[in-house]
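Topology and contacts: notes
As a plain string of letters, each chain reads:
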Amino acid sequence: ALRHESCTGKIVCPGRDRHGRSVIVFDNSVQNTKDHVGQVRLLAYSLEFALRQCAPHSDKICLVVKLNNFSLLNNPSWAVTKETIRMLGNCYPETLGLCVVYRPPQV
């Protein structure tokens, strides 16, 4: 399930920022499934992987949310969005060091 969810690169961990925080990139434009459970599993796996990749002095992550190709057709479902917020707040409450929203849609 993880292989199928991750094959498009919708969540990648390309390395660390200059402060030693692991970087996680969310790219909703390459959403490839509607499987709620698989998407949340990939998120949990990616967060755990990123935390293990942090520099020894750091326990924070840098989250980059790419919205440059955002569309109502390729965004995650509301259930996945709520579960993502719940997971980040309850399971990883103090791990967010920086969040960058890249090219948000104009209103």
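The numbers attached to residues start from 1 for each chain and follow its sequence in the written order. Per-residue local features are limited, in this predicted model, to residues with pLDDT of at least 70; the limit for side-chain atom pairs, both in listing and counting, is 80 or more; totals at the level of whole chains, interfaces and linings are taken over all residues. Each side-chain value is worked out from all heavy atoms of the structure, with water and hydrogens disregarded.

The next subject is the pairing of strand 4 (residues 96-102). In this scheme, strands are said to pair when DSSP sees at least two bridges between them. Here a helix means four or more residues in a row that DSSP labels H or I, a strand means two or more in a row labelled E, and each is numbered from the N terminus. Summarising the sheet, strand 3 (residues 61-66) and strand 4 pair through six bridges and their orientation is parallel. Opposite V64, over in strand 4, you have V100 as the bridge partner. On the question of chirality, the crossover connecting strand 3 to the parallel strand 4 by way of helix 3 (residues 78-91) is right-handed. Seen with the strands pointing away from the viewer, any crossover whose path from the first strand over the helix to the second strand runs clockwise is right-handed.

Where helix 2 (residues 36-53) contacts helix 3, the two axes come as close as 10 Å, and the packing angle between them is 30°. Overall, the two elements helix 2 and helix 3 adopt an arrangement that is roughly parallel. At the point where helix 2 passes helix 3, the crossing takes the right-handed sense. Counted together, H36, Q39, V40, L43, A44 and L47 of helix 2 and A79, V80, E83, T84, M87 and L88 of helix 3 form the full contact between these two elements. Lys, Arg, Asp and Glu make up the charged group, whereas Ala, Val, Leu, Ile, Met, Phe, Trp, Tyr, Cys and Pro make up the nonpolar group; the residues left over, Gly among them, are polar. Of the residues in the contact of helix 2 with helix 3, the class split is eight nonpolar, three polar and one charged. Lines fitted to C-alpha atoms define the axes, with helix axes restricted to the stretch in contact, and inter-axis angles between N-to-C directions lie between 0 and 180 degrees. To sort the angles, those under 35 degrees are grouped as roughly parallel, those over 145 as roughly antiparallel, those from 65 to 115 as roughly perpendicular, and the leftovers as oblique. Handedness of each helix crossing follows the sense of rotation of the near helix against the far helix: counterclockwise by less than a right angle gives left-handed, clockwise gives right-handed. Pairs of residues are marked as contacts when any of their non-hydrogen atoms sit within 4.5 Å.

Another aspect to go through is the environment of S77. Within the secondary structure, S77 is located in the loop between strand 3 and helix 3. Put simply, S77 and D35 are 42 residues apart on the chain and 9.6 Å apart in space, counted from C-alpha to C-alpha.

For the rest of this paragraph, the subject is the sheet that holds strand 2 (residues 22-27). Strand order in this open sheet of four strands is 1-2-3-4, and the pairing throughout is mixed. At either margin of the open sheet sits one strand with a lone partner, and together these are strand 1 (11-16) and strand 4. Pairwise comparison of adjacent strand axes, ignoring direction, gives a mean angle of 20° for this sheet. Along the sheet, helix 2 contacts strand 1, strand 2 and strand 3; its crossing angle with strand 1, the most-contacted strand, is approximately 5°.

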